[in-house]
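As a plain string of letters, each chain reads:
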Amino acid sequence: DNTKDIVVTGSTDHGLRVYNLSDGKQTKELFTTKYGHSEWGTTVQILPNRKIVSGGMDSNICLWDASGVRCQTFSEHTGSISKIVADKKSGVYLSCSYDSSIRVWNESASSSLACLSGVHKGPVTDLNWQSSLCVSAGRDGLIAVWDLNNEKCVHKGKWHMGQVSNVQFYSNGKDKNLIMTTGVNDGLLNIVDMRNMEKIFSKPIHKAAINFLGVTKNNLIVTGSADKTLKAFDLQKDFAEISSLKSSDAVFCGDVCGNIVAAGC
C-alpha cells in the first residue's frame, strides 16, 4: 500500500491539507482560486495511485492530481456530499449525497459510471460497500441494499426512527455475514443476517446519538455516543455487552486499527 505514509484532512475552510506521517509535516494544501471546493470539505479518500478524491457541501467531487495542486471537478450530484468510500486496489469509489442518490466512479472516467436512486426520500447519510454489494443509509431511517452489477436495489427497510448514522459490513469468512447500523434519534444498534435480511439483534444501547461504529480484530463491536460513553459488544457471544467506558464529553467520531480504538470527543 503506497498510501500509508500520508494523511489528508478536510476542513470548514474549504481546503484540504496533506501531511507526511513520518515527520508530521504538511506537504501541500489542496485549494487555490482556480481549483477546489467553494464550501466546507465534508469527506476525503486516498486512491491507490495517490490521487485524492474529496467531496464538499458545494455538491462537488474533486479528483486531485497525485502531484501539484490541480483537480478535476465533477458536479453530477445536486446536494452536499455526505461520504466517499474508495476501494484500496481498483481506483473505484462511491459517493452519497443529500440529493438522495449514490454514484459510482472510476478515477480514470470523465463522469460517473452509475447512479443509484429512487429509494431514499431524503439525504443519504452513510454508505459502505464490498465487491458488488452496497448498503446505503438515510436521514429517513431507511437502509437500502444495492447490487452494483445491475444497479438495482435488492432490499430496503426502515430500520431506524430517524437518521441512520453508521452502516458497516462484518464477515468472519464463514457463516457470519452481517450488516450493522446505528441511529441518531433512537440510539439503536441493529445487526442483520445477510442470508435472510432478518434482524438478529436490535436494541437501544445508548441514550443519545451513536456517532461511531467499528469492529476490532478480535471481533468486538465498539460504539461511541453523544451520551459520553463507548461500549463494546462480543460478536462471538450473542452480542453481549462486555465493557463500557465513560468519556469526558460527547463522542463524535472514531476509528479502529486492529484492536486499538481511537475516539474523538
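Fair warning: this is a prediction, and the values are worked out from it, not measured in the lab.

Novice: What am I meant to see in the overall build of the protein here?
Specialist: For the protein, the helix and strand inventory stands at 0 helices and 25 strands. Against the compact-globule benchmark of 18 Å for 265 residues, the protein has a radius of gyration of 18 Å, which places it among compact chains. Seen along its three principal axes, the alpha-carbon backbone of the protein occupies a region of about 50 × 45 × 35 Å. Across the 265 residues of the protein, 48% fall into the buried class. For the protein, long-range pairs separated by at least 24 residues make up 34% of all intrachain contacts whose partners lie at least 6 apart in sequence. Of the roughly 12,800 Å² of accessible surface on the protein, 48% is carried by carbon and sulfur atoms. Of the side-chain charges in the protein, 28 are positive and 26 negative, and the distance between the mean point of each set is 2 Å.

Novice: Can you walk me through the layout of surface pockets in this structure?
Specialist: If you roll a probe as big as a water molecule over the atoms, it shows you where there is empty space left. Considered as a void within the structure, the second largest pocket measures approximately 170 Å³ in volume. Around the second largest pocket, the lining residues are Thr216, Leu220, Val222, Leu230, Lys231, Ala232, Ser243, Ser244, Leu245, Val261, Ala262 and Ala263. Among the residues making up the lining of the second largest pocket, the classes are represented as 8 nonpolar, 3 polar and 1 charged.

Novice: Honestly, the sheet that holds strand β21 (residues 220-225) in this entry has me stumped. Any pointers?
Specialist: Backbone hydrogen bonds are what pair the strands of a sheet, in a parallel or an antiparallel way. Strands sit in the order β20-β21-β22-β23 across an open sheet of 4 strands; the sheet is antiparallel. In this open sheet, the two strands that pair with only one neighbour each are β20 (210-215) and β23 (240-246). Shown here is a sheet whose adjacent strand axes are inclined to one another by a mean of 20°, direction ignored. The pairing of β20 with β21 spans 5 bridges and is antiparallel. Bridged to Val215 within β21 is Ile221.

Novice: Is there a simple way to think about the sheet that holds strand β5 (residues 52-56) in this case?
Specialist: Reading across the sheet, the 4 strands line up as β4-β5-β6-β7 and stay open at both edges, with antiparallel pairing between neighbours. With one partner strand each, in any of the chains shown, β4 (41-46) and β7 (71-74) form the two edges of the open sheet. Between one strand axis and the next, the sheet turns through 20° on average, direction left out of account. In the sheet, β5 pairs with strand β6 (residues 61-64) via 4 bridges, with the strands oriented antiparallel. Across the sheet, the residue bridging to Val53 is Leu63, located in β6.

Novice: Honestly, the side chain of His120 in this entry has me stumped. Any pointers?
Specialist: Tracing the sequence through the fold places His120 in the loop between β11 (114-116) and β12 (124-130). Looking at His120, its side chain comes within polar contact range of the side chain of Ser136, at 2.7 Å. With near-sequence residues (within four places) excluded, His120 lies in contact with Ser100, Ser136, Ala137, Gly138, Asp140, Leu142 and Ala144.

The rules behind each value
Residues numbered from 1 in each chain as written. Predicted model: local features only at pLDDT ≥ 70, side-chain atom pairs only at ≥ 80, totals over all residues. Heavy atoms only, no water. Helix = DSSP H or I, 4+ residues; strand = E, 2+ residues; numbered from the N terminus. Rg over C-alpha atoms; globule rule 2.2 N^0.38 Å. Buried < 20%, exposed > 50% of the residue type's maximum accessible area, 1.4 Å probe, protein only. Contact = heavy atoms within 4.5 Å. Areas by Shrake-Rupley, 256 points an atom, 1.4 Å probe, with all protein chains shown as cover. Lys, Arg positive; Asp, Glu negative; His and termini not counted. Charge placed at Lys NZ, Arg CZ, Asp CG, Glu CD. 1 Å grid on protein atoms, 1.4 Å probe; cavity = no way out; pocket = protein on both sides within 12 Å on 5 of 7 lines; lining within 4 Å. Points joined across faces, edges and corners; volume = space filled by probe spheres on them. Nonpolar A, V, L, I, M, F, W, Y, C, P; charged D, E, K, R; others polar. Pairing = 2+ DSSP bridges. Axes fitted to C-alpha atoms, helices over the stretch in contact; angles between N-to-C directions. Polar contact = N/O pair within 3.5 Å; in protein donor to acceptor, adjacent residues only side chain to side chain.

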